[in-house]
Amino acid sequence: MVNCRSGYIIEDLPVGQFWDGFEDISARMTDDNGEPMLLKLKDWPHTDDFSELMPTRFENFMNNVPLPEYTRRDGRLNLAARLPDRIVKPDLGPKMYNAYGSAAYPREGTTNLHLDMSDAVNVMVYVGIPHANEHSQDAHGCCEEEVAAAAAAIEECDDLTKDRLSDPSLRVGALWHIFAAEDAPKIRQLLLQVGHERGIECEADNDPIHDQCFYLDKELRSRLFEEYGVRGWAIAQCLGDAVFIPAGAPHQVRNLHSCIKIAEDFVSPEHLAHCVMLTHEFRRLSDTHTNHEDKLQIKNIIYHSVKDAVGVLLSRTPVA
């Protein structure tokens, strides 16, 4: 369990206590200043396979995930599917990401800026608008401050998205900012500069993006564009929406309301070069860094993908 407002890990907290405050602000734990915590239960289940823990839900998810040839475990264009059963395969999910909303805290994200070495699809399966005391509720019993802050947050989205969100039947849950993979060096340079200004020095074997210690709020995003000419995409994710994140693309998430998302990683042929590059980049991190190890097994994936491709070509080559 993580408090998104401070980044501190909360240990030995009963999961039931997390769910008690999921849609009830008054039931949430408070920090030392008496402020409600923004808790996140990430990467669940931590150890068990989703397919074994909840086989029916796993099958339902796999049968409905978009672009199945890429995103399913056995997808034809998911190169990770080429790994044989005799070896231990990387854990590519699916995983659940459950977190409180933070619409009233525009400077704090649910997931700080980072990037992943594989592609991913993230599906919003539930959006809960938190309730507050009866004096601050709207006609539907929802917290007026949260609803108003969420509406203000999506103003930075493009006109097409704002037109879509004018539909009252849609329930927006999260705001994503995704940047092009090739802009990662410029973003890294900005974060190093910001860290220096704040008295946060980055060690030689660490990285301001991989350390996930920054959320680019409106001020920093404006600065990124003004000083480096980099602008990303603001994506509002509603209930039922799937967001695709390319390998190597820096991205961050801010839950506007309490959300349950399910994410599945995959390895597409189009982004294989980014996977290889990031594997080498992660290897330069400190030995204790969570991303130091090659959890993707990218060399094994490439080997078996090429082996399968050559086998198919040879089987179709006529014998002279």
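Presented here is a report on the structure given in the accompanying data block. Computed from a predicted model, the values in this text were never measured in an experiment.

1. Brief notes about the side chain of Glu264
Reasoning step 1: Relative to the helices and strands, Glu264 is located in strand E10 (residues 258–266).
Reasoning step 2: No salt bridge is formed by the buried Glu264. Its closest oppositely charged neighbour is Arg73, at 4.4 Å.
Reasoning step 3: The residues contacting Glu264, other than those within four sequence positions of it, are Phe61, Met62, Thr71, Arg73, Leu92, Gly93, Pro94, Asp119, Ala120 and Val121.

2. As for the sheet that holds strand E3 (residues 95–99)
Reasoning step 1: What the six strands build is an open sheet, ordered E1-E2-E3-E10-E5-E8; its pairing is antiparallel. Two strands bound the open sheet, and with one partner strand each, they are strand E1 (2–3) and strand E8 (242–245).
Reasoning step 2: Judged from the nine bridges that link them, strand E5 (residues 119–128) and E10 form a sheet pairing that is antiparallel. For Asn122, the partnering residue across the bridge sits in E10 and is Ala263.

3. Here's the deal with the layout of surface pockets
Reasoning step 1: What the second largest pocket holds in volume is close to 600 Å³.
Reasoning step 2: Forming the walls of the second largest pocket are 26 residues, and the residues nearest its centre are Glu156, His177, Lys218, Arg221 and Ser222.
Reasoning step 3: The greatest single-element share of the lining of the second largest pocket, amounting to six residues, is contributed by helix H8 (residues 218–228).

4. As for the pattern of salt bridges
Reasoning step 1: Under the defined criterion, the tally for this structure stands at 17 salt bridges.
Reasoning step 2: For the salt bridge of Arg188 with Glu281, the shortest nitrogen-to-oxygen distance reads 3.1 Å. Here Arg188 is found in helix H7 (residues 184–197), whereas its partner Glu281 is found in helix H9 (residues 272–283), with 93 residues between them in sequence. No difference in accessibility class separates Arg188 from Glu281, as the two residues are buried.
Reasoning step 3: Through salt bridges with shared partners, one network takes in Arg5, Glu35 and Glu108.

5. Topic: the pairing of E10
Taken residue by residue, a regular strand's side chains alternate between the two faces of the sheet.
Reasoning step 1: Among the nine residues in E10, eight count as buried, and that is most of the element.
Reasoning step 2: Bridge analysis of E3 against E10 gives five bridges, and the strand direction is antiparallel. Within E10, the residue paired with Lys95 across the bridge is Ala263.

Scoring rules and cut-offs
Residues numbered from 1 in each chain as written. Predicted model: local features only at pLDDT ≥ 70, side-chain atom pairs only at ≥ 80, totals over all residues. Heavy atoms only, no water. Helix = DSSP H or I, 4+ residues; strand = E, 2+ residues; numbered from the N terminus. Buried < 20%, exposed > 50% of the residue type's maximum accessible area, 1.4 Å probe, protein only. Lys, Arg positive; Asp, Glu negative; His and termini not counted. Salt bridge = Lys/Arg side-chain N within 4 Å of Asp/Glu carboxyl O. Contact = heavy atoms within 4.5 Å. Pairing = 2+ DSSP bridges. 1 Å grid on protein atoms, 1.4 Å probe; cavity = no way out; pocket = protein on both sides within 12 Å on 5 of 7 lines; lining within 4 Å. Points joined across faces, edges and corners; volume = space filled by probe spheres on them.

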